[in-house]
Amino acid sequence: MEIITTTENSNTHKGNESISSKMAELEKEKETAFSKVAALEKKKQTALTKIDESEKEKECTAYKAAFLEMEGEIWKKFLRQVAEEKATEWCSIWHTAVEDPGMIDKEDKNLQLLREEWGYEAYSAVVVALTGRNQRI
């Protein structure tokens with residue numbers, strides 16, 4: 001019976017070693033799997049961060065475009081207001097300067113100054129306006 005017991009102990013020991021070996025192998029596989037999961041999680045977080053940054057950049061670009069559009073509208077309104085003020089100022093100057101209601105001197109120094117500062121369109125508009133005003137008088 002002793003021989004059987006030794007053989008049984010030997011088989012049990014070999015079985016325990018096999019189980020221990022298998023357990024160690026499974027433990028390594030588990031750690032490898034966890035490492036892969038951790039790496040994938042890190043990649044996912046990096047991708048989400050990039051997406052978030054991209055969305056923020058798009059949002060920022062949209063805000064910039066809206067701001068520039070609004071800024072352009074403000075400038076247009078401001079320039080229109082300045083132009084109206086200047087037109088009123090110039091009109092007042094010519095209103096008092098024009099003595100003969102039937103005659104507009106297109107070489108008038110004030111008209112020439114207007115043409116230099118504001119261009120032909122402004123000059124032409126004033127000449128037409130003064131001509132029309134003078135014809136009604």
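What you are looking at is a predicted structure, and each value in this text was computed from that prediction instead of being measured.

Caption draft 1: Structural context of the confidence of the model for the protein chain. Per-residue confidence for the protein chain gives a mean pLDDT of 78, with 77% of residues at or over 70. Mean pLDDT in the protein chain bottoms out at helix α3 (residues 120–136), which sits at 74, and peaks at helix α2 (residues 109–118), which reaches 85.

Caption draft 2: Focus on the nonpolar core. If you look at the biggest cluster of nonpolar residues, it comprises seven residues: W90, L111, L114, Y123, V126, V127 and L130. Of all the secondary structure elements, the ones that give two or more residues to this core are α2 and α3.

Caption draft 3: Main features of the pattern of salt bridges. One pass over the structure, following the stated rule, counts six salt bridges. E25 is the partner of K22 in a salt bridge, and the nearest nitrogen-oxygen pair spans 4.0 Å. Taken together, the residues K22 and E25, both in helix α1 (residues 2–97) and three residues apart, mark about one turn of the helix. Note on K22: relative accessible area 46%, which makes it partly exposed. Of the charged contacts in the structure, one is a salt bridge between K56 and D52, with a shortest N-O distance of 3.4 Å. Here K56 and its partner D52 are both found in helix α1, four residues apart, which amounts to about one turn of the helix.

Cut-offs used in this document
Residues numbered from 1 in each chain as written. Predicted model: local features only at pLDDT ≥ 70, side-chain atom pairs only at ≥ 80, totals over all residues. Heavy atoms only, no water. pLDDT = per-residue confidence, 0-100. Helix = DSSP H or I, 4+ residues; strand = E, 2+ residues; numbered from the N terminus. Core = buried A, V, L, I, M, F, W, Y, C linked by side-chain atoms within 4.5 Å. Buried < 20%, exposed > 50% of the residue type's maximum accessible area, 1.4 Å probe, protein only. Salt bridge = Lys/Arg side-chain N within 4 Å of Asp/Glu carboxyl O.

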